[in-house]
Amino acid sequence: MRHVLTLSLAFWWLAAPATAADMEACRNLLEQRNALAEQTMKAEIALVRTIRERICPVLSQQADGANANDRNETTIDYQALIECRHKAEEQLLRSRRVLYVNRQQFRFYTAAGAKLARQADGLMQQMQDQECPQLR
């Protein structure tokens, strides 16, 4: 019995550093994936914003001003801004083809966004292949 306990402890001791290294590798993959995901969203948001600015220039200026200055005293019609955003998204659906749909079913219309989203999904696949736990 004592021999089994000693072997078990020795195995655990040898496996522990590998587990810590695996966790670090998983954490690095997750950080890379999150950075790519952030970049992809910025590319797509910029596209929708450009369309929104064309459709609703005054509301867009008000929204941009409010984002730049928290003490903005201009009253924004948020319902109109939401409706404008929906119109911009509808126009985008009609006028551009989807270049990529990621694992979360988010559509990418820009070449940069699609490329980065593919890379982010590739990192997620690596995480699955390495059996990384869900780190958040």
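Residues numbered from 1 in each chain as written. Predicted model: local features only at pLDDT ≥ 70, side-chain atom pairs only at ≥ 80, totals over all residues. Heavy atoms only, no water.

1. What about the overall build of the chain?
Move 1: Check the secondary structure of the chain and you find four helices and two strands.
Move 2: In the chain, which comprises 136 residues, the proportion classed as buried is 28%.
Move 3: Residue pairs in contact within the chain that sit at least 24 positions apart in sequence constitute 57% of those at least 6 positions apart. (Helix = DSSP H or I, 4+ residues; strand = E, 2+ residues; numbered from the N terminus. Buried < 20%, exposed > 50% of the residue type's maximum accessible area, 1.4 Å probe, protein only. Contact = heavy atoms within 4.5 Å.)

2. Some thoughts on the packing of aromatic side chains
Move 1: The tally for this structure, following the rule as stated, stands at two aromatic pairs.
Move 2: Residues Tyr100 and Phe108 carry aromatic rings whose centres are separated by 6.4 Å and whose planes lie at 40 degrees to one another, so their mutual orientation is tilted.
Move 3: Between Phe106 and Phe108, the aromatic rings sit 5.0 Å apart at their centres with planes inclined by 65 degrees, giving edge-to-face as the arrangement. (Phe/Tyr/Trp six-rings, centres within 6.5 Å; stacked < 30°, edge-to-face > 60°.)

3. What to know about the layout of surface pockets
Move 1: In this structure, the largest pocket spans a volume of roughly 250 Å³.
Move 2: Together, Met41, Glu44, Ile45, Val48, Arg85, Glu89, Leu92, Leu93, Phe106, Arg107 and Tyr109 line the largest pocket.
Move 3: Here the lining of the largest pocket is composed, by residue class, of seven nonpolar, no polar and four charged. (1 Å grid on protein atoms, 1.4 Å probe; cavity = no way out; pocket = protein on both sides within 12 Å on 5 of 7 lines; lining within 4 Å. Points joined across faces, edges and corners; volume = space filled by probe spheres on them. Nonpolar A, V, L, I, M, F, W, Y, C, P; charged D, E, K, R; others polar.)

4. Remarks on the confidence of the model for the chain
Move 1: Summary statistics for the chain give a mean pLDDT of 81 and a share of 79% for residues scoring 70 or more.
Move 2: Per-element confidence in the chain ranges from a low mean pLDDT of 75 for helix α1 (residues 2-55) to a high of 94 for strand β1 (residues 100-101). (pLDDT = per-residue confidence, 0-100.)

5. Some remarks on the pattern of salt bridges
Move 1: In total, this model carries four salt bridges according to the counting rule given.
Move 2: Note that Lys42 and Glu38 form a salt bridge whose closest N and O atoms lie 3.4 Å from each other. Within this pair, Lys42 and its partner Glu38 are both found in helix α1, separated by four residues, close to a single helical turn.
Move 3: Under the relative-accessibility criterion, Glu38 is labelled partly exposed at 46%.
Move 4: Residue Glu89 is joined to Arg85 by a salt bridge in which the shortest nitrogen-to-oxygen separation is 2.9 Å. Here Glu89 pairs with Arg85, and both are found in helix α3 (residues 78-95), just four residues apart, close to one helical turn.
Move 5: Glu89 sits in the partly exposed class, given a relative accessible area of 30%.
Move 6: Taking the relative accessible area as the measure of exposure, Arg85 reaches 32% and is therefore partly exposed. (Salt bridge = Lys/Arg side-chain N within 4 Å of Asp/Glu carboxyl O.)

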